[in-house]
Amino acid sequence: MIIKAQKGTKDVLPEEYIQWKNILNKADEIFKYANFKQISTPIFEATELFKRGVGDSTDIVNKEMYTFEKSERSITLRPENTAGVVRAYLEHNMQREIQPVKLWYFGPMFRYERPQAGRQRQFHQLGVEMFGIEDASADADCIYTAVKFFEAVGLKNLSVELNSLGCNSCRNKFREKIKNLIEPVLSELCFDCQKRFSTNPLRILDCKNETCKQIFDEKQILEKISHIELCEECSTHYSQLKSHLDMLNVKYIENPFLVRGLDYYTRTVFEIKSENLGSQNAVCGGGRYDNLVETLGGPKTPAVGWAVGMERLYSLTEKDNVKNIDYFVISDNISEALKLTNEIRNRNKTAEMDYSKRKFTKQIEKASKIADFAVIIGESEIAKHTITIKNLKNFEQTEIDRDIFISSIN
Ligand code: ATP
Ligand code: MG
């Protein structure tokens, strides 16, 4: 029996990987200009890092982590990368470097979720983290970088949803307000919401369960909850963020019920959504996390960041179906073909050969499916030190000197 890939995981096949690399190249360029430097942290970390970092009351920590024991240590495959980047920031004393420290990453993440369209158990995230700046200009700059990146990869019709969750004291008051309004209907809500009521009531606002949504509608719960009352400082921070975004010409929609699934957010939270993604419509999520560095044992350090899901992003990009071979060398002399193919490659062009002595018609038939040009080097060409180059779109061909051909490739 053939062994198949595990449920919720998938192979990234070459055609898709070419597009991933295009996306990553764009990221590399945009992030370089914005002064983000790439970092790579280990795929597994101490379980404690995520328990403390992502938060004990989140779905990620409670239900979704791949955790195992090794040499009596509890290890977890990273479900997200912010906690790992913060750990690295502290471990390498980056708080002593010139701030802001701006980092970006790309790699696989692991969450034990119910697989469905746009939701896998191993998926890839690309993200940025910016440490050391409390001012709302940092939030605006990060959001602008995300928008630029999406534009660069050709995404259209995206909407940026924005909210502020305030500081601990704003949130504590908001939590009480939510609890008071939810309590009378609590017994009718889903099991998860009942649990969230004591552990993380904010997340009730974000429940995707249809029955819960219906109850919220009927009882006008969301209208009554209305929005978080921010303290003066948080309110100023949020207004400044919005005016910076206006200045940068970034369009956004305020969503007072956007709470995000991770515990570490403070003040700014945002998501970038696309209608084309169906029910898993968020392609990017992020926000400010001013307490996380301290929670993980470091000095109080403001920070902001976001992460994009590569699979969802890829599903939104236009797929171009290009032939990826420039020259296909055709010969019945395998050794000559091998030499010429590699001479072309050494001129930085993609070249391939048939690795056979098959009839030229067969070789050309194959070449026309995958290459732009055929380079024919038959017995007579070898004798004359020439090649025949055939355009595989219009089938026009010319014979030229082999050295001139090689030196003309650029
Ligand atoms: P969702 O609400 O869709 O579960 P999330 O809030 O859990 O998203 P984050 O942890 O903020 O997501 O991750 C940021 C991005 O990573 C998401 O916007 C999405 O594109 C992607 N992502 C998250 N979980 C998955 C998954 N299981 N499979 C594929 N992509 C994912
Ligand atoms: Mg999730």
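These numbers were taken from a predicted model, which means no experiment stands behind them.

### With respect to the overall build of the protein
Piece 1. When you go through the protein residue by residue, the secondary structure sums to 16 helices and 16 strands.
Piece 2. Its C-alpha radius of gyration of 27 Å places the protein more than 25% over the 22 Å reference for a compact globule of 410 residues.
Piece 3. In terms of overall dimensions, the protein has C-alpha extents of about 90 × 55 × 50 Å along its principal axes.
Piece 4. Residue burial in the protein is summarised as follows: out of 410 residues, 49% are buried.

### Comments concerning the pairing of strand β14 (residues 371-376)
Piece 1. Note that strand β12 (residues 325-330) and β14 share 5 bridges and pair parallel. Across the sheet, residue Ile325 finds its bridge partner in β14, namely Ala371.
Piece 2. Sheet topology note: the β14/strand β15 (residues 386-391) ladder contains 4 bridges and is antiparallel. Residue pairing in the sheet places Phe373 in a bridge with Asn391 of β15.

### Brief notes about the domain arrangement of the protein
Piece 1. If you check the domain split of the protein, you get domain 1 (14-166 + 230-316) and domain 2 (325-408).
Piece 2. Using C-alpha coordinates to define each centre, domain 1 is positioned 48 Å away from domain 2.

### A word on the site of ligand 1
Piece 1. Taken together, 15 residues sit near ligand 1, with Arg111, Glu113, Gln120, Gln125 and Arg260 positioned nearest.
Piece 2. Arg260 is positioned with one of its side-chain polar atoms (N or O) 2.4 Å from an oxygen atom of ligand 1.
Piece 3. Arg312 has a polar side-chain atom sitting 3.0 Å from an oxygen atom of ligand 1.
Piece 4. In the complex, 89% of the free accessible area of ligand 1, which totals 580 Å², lies under the protein chains.
Piece 5. Elements that contribute at least two residues to the shell around ligand 1 include exactly β6 (122-131), β10 (282-288) and β11 (303-309).

### Regarding a negative patch on the surface
Piece 1. Together, Glu188, Asp217, Glu218 and Glu223 give the surface a local cluster of negative charge.
Piece 2. Topologically, Asp217 is positioned in helix α8 (residues 210-218).

### Considering the packing of helix α1 (residues 14-33) against helix α5 (residues 136-152)
Piece 1. In the contact formed by α1 and α5, the axes pass within 10 Å of each other and the chain directions differ by 140°. If you check the angle between α1 and α5, you find them oblique. Between α1 and α5 lies a crossing of right-handed hand. Between α1 and α5, the residues in contact are Ile23, Lys26, Ala27, Ile30 and Phe31 and Thr145, Lys148, Phe149 and Ala152, respectively.
Piece 2. Looking at the contact of α1 with α5, its residues break down into 6 nonpolar, 1 polar and 2 charged.

### Observations concerning the nonpolar core
Piece 1. Among the nonpolar cores identified, the biggest contains 54 residues, and Val86, Phe131, Ile182 and Leu189 are the most heavily contacted of them.
Piece 2. No other element matches the 6 residues that helix α4 (residues 82-91) contributes to this core.
Piece 3. With sequence-adjacent residues up to four places away left out, Val86 is seen in contact with Phe131, Tyr289, Leu292, Val293 and Leu296.

### Details of the packing of α5 against helix α10 (residues 232-247)
Piece 1. Axis separation between α5 and α10 bottoms out at 8 Å; the angle between their running directions is 40°. In terms of their interaxial angle, α5 and α10 are classed as oblique. With respect to the hand of their crossing, α5 and α10 are arranged in right-handed fashion. Side by side, α5 and α10 meet where Ala136, Ser137, Asp139, Ala140 and Ile143 of the first sit next to His237, Gln240, Leu241, His244 and Leu245 of the second.

### Some remarks on the sheet that holds strand β1 (residues 37-38)
Piece 1. Here we have 8 strands laid out as an open sheet, ordered β1-β5-β6-β11-β10-β9-β7-β8, and mixed in their pairing. Both outer strands of the open sheet, β1 and β8 (253-254), are each paired with one neighbouring strand and no more.
Piece 2. Strands in contact with α10 are β7 (158-164), β8, β9 (266-274) and β10; relative to β7, the strand with the most contacts, it is inclined by about 160°.

Conventions and cut-offs
Residues numbered from 1 in each chain as written. Chains lettered and ligands numbered in written order. Predicted model: local features only at pLDDT ≥ 70, side-chain atom pairs only at ≥ 80, totals over all residues. Heavy atoms only, no water. Helix = DSSP H or I, 4+ residues; strand = E, 2+ residues; numbered from the N terminus. Rg over C-alpha atoms; globule rule 2.2 N^0.38 Å. Buried < 20%, exposed > 50% of the residue type's maximum accessible area, 1.4 Å probe, protein only. Pairing = 2+ DSSP bridges. Domains from an automatic or database assignment. Near = heavy atom within 4 Å. Polar contact = N/O pair within 3.5 Å; in protein donor to acceptor, adjacent residues only side chain to side chain. Areas by Shrake-Rupley, 256 points an atom, 1.4 Å probe, with all protein chains shown as cover. Patch = residues over 30% accessible without salt bridge, like charges linked within 9 Å, V, L, I, M, F, W, Y side chains within 5 Å. Salt bridge = Lys/Arg side-chain N within 4 Å of Asp/Glu carboxyl O. Lys, Arg positive; Asp, Glu negative; His and termini not counted. Charge placed at Lys NZ, Arg CZ, Asp CG, Glu CD. Axes fitted to C-alpha atoms, helices over the stretch in contact; angles between N-to-C directions. Parallel < 35°, antiparallel > 145°, perpendicular 65-115°, else oblique. Left-handed = near helix turned anticlockwise from the far one by under 90°. Contact = heavy atoms within 4.5 Å. Nonpolar A, V, L, I, M, F, W, Y, C, P; charged D, E, K, R; others polar. Core = buried A, V, L, I, M, F, W, Y, C linked by side-chain atoms within 4.5 Å.

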